[in-house]
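Letter by letter, the chains look like this.
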Amino acid sequence: MTPAPASADGEPSRCLFVSDVHLDTVAGAAEAQFLSLLRTEAPQVDALYILGDLFESWVGDDTPVHRAVIDALAAVTAGGVGCFVLHGNRDFLLGSGFAERSGCHLLPDPVVTEFGGERVLLTHGDALCTDDHAYQELRTLVRGPLWQQQFLALPLATRELLANEARAGSRAHTSRTPPTIMDVNPSSVAAAFRATGVRRIIHGHTHRPAVHETQIDGEPVQRIVLGAWYEQGSCLSYEAGHYQLRALPR
Ligand code: MN
């Protein structure tokens, strides 16, 4: 677990968190809403955290897609807002080319960062879904440097074809897997709290937006889950020690 600075010049006092925007190559309502967030709310904060799956698919930094979103992120970061991106299970190939074009900083997953003097664990969330053994096996494979090197060496058209097949396979897997299997595993969540000593975890991935208040070893802890942007937006605001999870209706 790598500690990382919350922003280049110290702790941010106002932050926005989003996850699972799942932007498709065909611009739709989610993209319009996300671009609007980048124009209106994002410039008002010190740091924007994108906790994975910003893109529905990402086959390499040489892809010509999502230019409007990358330009909008570049405008936000050029305005002095620190923008931090974690990999999701769909856009885990976001690399240094994306970071350079957008001005975003890629963070490791999981990562502990500080807000208002409190250490908080940020993660996409898929690594906590340990009941889904088939998915975890796939995750271990595709997150390996050798697999990624070989995949990225393929022609762009081949990578796009393979990514489409993988998405179809993922949809089939999701449709036949019970919902509880695809949620976080409580023991894995407890282990993450204990291993890091944090009292708050923020993640996405499960598309079950909620603020869970529980206890670990008698201590109150909180797990904030961001929602996906399929039907409406979802974001978490942080200001002066307070967190507010908001649905953003369309
Ligand atoms: Mn995900």
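Look up a bit, the structure's there.
What you see is a predicted model, and the numbers here were worked out from it, not measured in a lab.

Trainee: Outline the overall build of the protein, listing residues and values.
Mentor: Regarding its fold elements, the protein presents 7 helices and 12 strands. Referenced to the eigenvectors of the C-alpha coordinate spread, the extents of the protein come out at roughly 50 × 40 × 35 Å. A burial count over the protein gives 49% of its 250 residues as buried. Excluding contacts between residues fewer than 6 apart, the proportion of contacts in the protein whose partners are at least 24 apart in sequence is 67%. Here the protein holds 19 positive side-chain charges and 29 negative ones, and the gap between their average locations is 3 Å.

Trainee: Can you tell me about the coordination of the manganese ion, naming the residues and giving the values?
Mentor: Protein ligation of the manganese ion involves D53 (OD), N89 (OD1), H124 (NE2) and H205 (ND1), the donor distances falling in the range 2.1 to 2.2 Å. Its relative accessible area of 18% is what places H205 among the buried residues.

Trainee: So what about the packing of helix α1 (residues 29–40) against helix α2 (residues 67–78)? Which residues, and what values?
Mentor: Close contact between α1 and α2 brings their axes to 10 Å; oriented N to C, the two are set at 15 degrees. Looking at the two axes, α1 sits roughly parallel to α2. α1 and α2 meet at a crossing whose hand is left-handed. Contact residues: α1 offers E31, F34, L35 and L38, while α2 offers A68, V69, A72, L73 and V76.

Quick notes on the rules
- Residues numbered from 1 in each chain as written.
- Predicted model: local features only at pLDDT ≥ 70, side-chain atom pairs only at ≥ 80, totals over all residues.
- Heavy atoms only, no water.
- Helix = DSSP H or I, 4+ residues; strand = E, 2+ residues; numbered from the N terminus.
- Buried < 20%, exposed > 50% of the residue type's maximum accessible area, 1.4 Å probe, protein only.
- Contact = heavy atoms within 4.5 Å.
- Lys, Arg positive; Asp, Glu negative; His and termini not counted.
- Charge placed at Lys NZ, Arg CZ, Asp CG, Glu CD.
- Donors = N, O, S within 2.8 Å, 3.2 Å for Na, K, Ca; no water.
- Axes fitted to C-alpha atoms, helices over the stretch in contact; angles between N-to-C directions.
- Parallel < 35°, antiparallel > 145°, perpendicular 65-115°, else oblique.
- Left-handed = near helix turned anticlockwise from the far one by under 90°.

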